[in-house]
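Topology and contacts: notes
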Amino acid sequence: MTDLLQQSTSLWNVSMFIVAAVVLLLVVLFFVTYAIYFERKVIGWMQLRTGPNRVGPLGLLQTVVDVTKLLLKEDTRPKDADKALYALAPVLAYAPAFAVLAVMPFSETIQFADLGIGVLYYMALSSITVLGVITAGWASNNKYSLIGGMRSAAQMISYEVPLVMSVLGVILMTGSMNLREIVEAQRDIWNVIPQILGFCVFIVAAQAELNRTPFDLPEAESELVAGYHVEYSGFRFAMFMLAEYVYMFGMGSLVTILFLGGWLAPFGLDFLPIPGIVWFILKFLLYVFFQFWIRATMPRFRADQLLPFAWKGLLPIALVNILITAVVISFQNGTL
């Protein structure tokens, strides 16, 4: 009887996990669909244009139609491409984008896996995407896609270093790499205030990691005709685009957790009967709006400016932030 109950409980847990995973997948796909719509709308308003307004009320179905059209397009492949790697590249770029969401605590109760090394898990999996980009550039047997892949590899590897370094200040303050514990440690003050240097470095490096303006050189249309995915079409191309916006979802969640207090209410408003997930979504959407704002206002970096900015600009600032944090913590603990 006891074994039967244990098996039933285990089956129930697995079933609920699958349901929750499907729900999260649908939420992320909904976000991607309408993030594209609102990005076009916001940029249109900022540049005195209308944006999508033809399909559906206020153009709300425009992205749905565009995605459907894209998925129904013919899936072509260059004759001289490496067949296996050409097919594998979109998967390498797409799968880690969803996998990183497993450790994100969206509220006190909504989280798939509460890992003690949640920060390390995110950084490790997100770095796999660069393999997909390089593979796509090389396997396409196209010089423009190869240049885009090499640019992306240099950019993402270079900016991963200051990105990780900027998080170390938060880890030093919290004494943990568990994302839930990092949020709980911000009940008195959000990390964005004592870690303002780390926050600024993280935001800039995150833009480069996402290949978004002004760091969108791997996809520079003016010289590379779309970069590493120039030879991709149909569903495979859609996977690359989906990965970019899913990573925006993941990066926005990570910024909210590390620096903006996660699901905690701002300004001492925790007495209000507002669920933590609502506060999380509002902070997350603020970051997403910031992404759109940057794209609408900033020009692209030159290729010769890209890497020096990471190694000579962001990395020294991140190291200074770690030093200051370590000194302050040592002084507070009386060990200095």
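Residues numbered from 1 in each chain as written. Predicted model: local features only at pLDDT ≥ 70, side-chain atom pairs only at ≥ 80, totals over all residues. Heavy atoms only, no water.

1. A short note on the pattern of salt bridges
Selection criterion: Whenever Lys or Arg places a side-chain nitrogen within 4 Å of a carboxyl oxygen from Asp or Glu, that contact is recorded as a salt bridge. The way it works is that DSSP assigns letters per residue, a run of H or I at least four long becomes a helix, a run of E at least two long becomes a strand, and they are numbered from the N terminus.
In this structure the tally under the stated criterion is 10 salt bridges. The salt bridge involving aspartate 216 is made with arginine 300; its shortest N-O contact spans 3.0 Å. Residue aspartate 216 is found in the loop between helix H8 (196-209) and helix H9 (221-224), and its partner arginine 300 is found in the loop between helix H11 (276-297) and helix H12 (303-332); the two are separated by 84 residues along the sequence. Because the salt bridges share partners, they merge into one network encompassing Glu39, Arg212, Glu244 and Arg295.

2. Some points on a nonpolar patch on the surface
Cut-off, in case you're wondering: By definition, no residue in a patch forms a salt bridge, and every one has over 30% relative accessible area; like charges are joined within 9 Å, nonpolar side chains (Val, Leu, Ile, Met, Phe, Trp, Tyr) within 5 Å. Residue burial considers only the protein chains on display, and all accessible areas are found by Shrake-Rupley using a 1.4 Å probe. Buried means the residue's accessible area, taken with a 1.4 Å probe over protein chains only, is under 20% of the maximum for its type, while exposed means over 50%, and partly exposed covers the values in between.
On the surface, Val14, Ile18, Val22, Leu25, Leu26 and Leu29 cluster together into a nonpolar patch covering about 480 Å² of accessible area. As for its position among the elements, leucine 26 is in helix H1 (residues 2-46). Relative accessible area serves as the criterion here: at 53%, leucine 26 is assigned to the exposed category.

3. Quick look at the packing of aromatic side chains
Which entries qualify depends on this criterion: Centre distance within 6.5 Å is the pairing criterion for rings of Phe, Tyr and Trp, where only the six-membered ring of Trp is used; planes under 30 degrees apart are then read as stacked, over 60 as edge-to-face, and the remainder as tilted.
Under the defined criterion, the tally for this structure stands at 19 aromatic pairs. Relative to tryptophan 293, the ring of phenylalanine 289 lies with its centre 6.0 Å away and its plane at 45°, an arrangement referred to as tilted. Of the two residues, phenylalanine 289 and tryptophan 293 both sit in helix H11, 4 residues apart, roughly one turn of that helix. The partly exposed category is assigned to phenylalanine 289, whose relative accessible area is 37%. Taken together, Phe31, Phe106, Phe249, Phe280 and Phe284 form an aromatic cluster joined through their ring pairs.

4. Considerations on unusual backbone geometry
Residue proline 214 is bonded to the preceding threonine 213 through a cis peptide linkage, with omega at 5°. Notably, leucine 48 is not glycine yet its phi reads approximately 60°, a positive angle. Relative to the helices and strands, leucine 48 resides in the loop between H1 and helix H2 (62-72). Phi at asparagine 141 is positive, roughly 55°, even though this residue is not glycine.

5. Thoughts on the nonpolar core
Note the threshold: Definition used in this section: a nonpolar core is a set of buried Ala, Val, Leu, Ile, Met, Phe, Trp, Tyr and Cys residues joined via side-chain atoms within 4.5 Å. Contact criterion: two residues are considered in contact whenever any of their non-hydrogen atoms come within 4.5 Å of each other.
Formed by 60 residues in total, the largest nonpolar core has its most connected members in Leu101, Leu179, Phe202, Leu254 and Leu258. With 12 residues, the single largest contributor to this core is helix H10 (residues 234-259). Setting aside its immediate chain neighbours within four residues, leucine 254 contacts Met104, Tyr122, Met123, Leu179 and Phe202. If you look at the next biggest cluster of nonpolar residues, it comprises 10 residues, including Ala89, Val133, Ala136 and Phe240.

6. With respect to the packing of H10 against H11
Selection rule: Axes, fitted as lines to C-alpha atoms, cover a helix only where it is in contact. Angles between the N-to-C directions of the axes lie from 0 to 180 degrees. Every angle not falling under 35 degrees, over 145, or within 65 to 115 is termed oblique; those three ranges are roughly parallel, roughly antiparallel and roughly perpendicular. Helix crossings fall into two classes, left-handed where the near helix is turned counterclockwise from the far one by less than a right angle and right-handed where it is turned clockwise. Any residue that is not Ala, Val, Leu, Ile, Met, Phe, Trp, Tyr, Cys, Pro, Asp, Glu, Lys or Arg is counted as polar, Gly included; the first ten are nonpolar and the last four charged.
Running from N to C, H10 and H11 point in directions that differ by 125°, and their axes come no closer than 9 Å. As the angle between them shows, H10 and H11 are arranged oblique. Considering only the axes of H10 and H11, their crossing is right-handed. Mapping the contact onto sequence places Tyr245, Met248, Phe249, Met251, Gly252, Ser253, Val255, Thr256 and Ile257 in H10 and Phe280, Lys283, Phe284, Tyr287, Val288, Gln291, Phe292 and Arg295 in H11. Grouping the constituent residues of the contact of H10 with H11 by class yields 11 nonpolar, 4 polar and 2 charged.

7. Description of H12
Stated precisely, the cut-off is as follows: Multiplying 1.5 Å by the residue count of a helix minus one yields the expected span of that helix. Bend is computed residue by residue as the angle between axes fitted to the seven residues ending at the residue and the seven residues starting at it.
In this model H12 runs 44 Å from its N-terminal to its C-terminal C-alpha over 30 residues, within 8% of the 44 Å that 1.5 Å per residue would give. The sharpest bend along H12 reaches about 40° and sits at phenylalanine 309. Taken together, the buried positions of H12 are occupied by Leu306, Ala310, Leu314, Leu315, Ala318, Asn321, Ile322 and Thr325. Looking at the buried positions of H12, the neighbouring elements they touch are helix H6 (143-174) and H8. A positive phi of about 75° marks glycine 334, the residue just after H12.

8. Observations concerning the environment of asparagine 142
Spelled out, the test is: The term polar contact refers here to a pair of N or O atoms within 3.5 Å; inside protein, the definition further demands a hydrogen-donor-capable atom paired with an acceptor-capable atom, and it admits residues adjacent in sequence only when both atoms are side-chain atoms.
Along the polypeptide, asparagine 142 turns up in the loop between helix H5 (129-139) and H6. Within the structure, the side chain of asparagine 142 is placed 2.7 Å from the backbone nitrogen of tyrosine 144, a separation counted as a polar contact.

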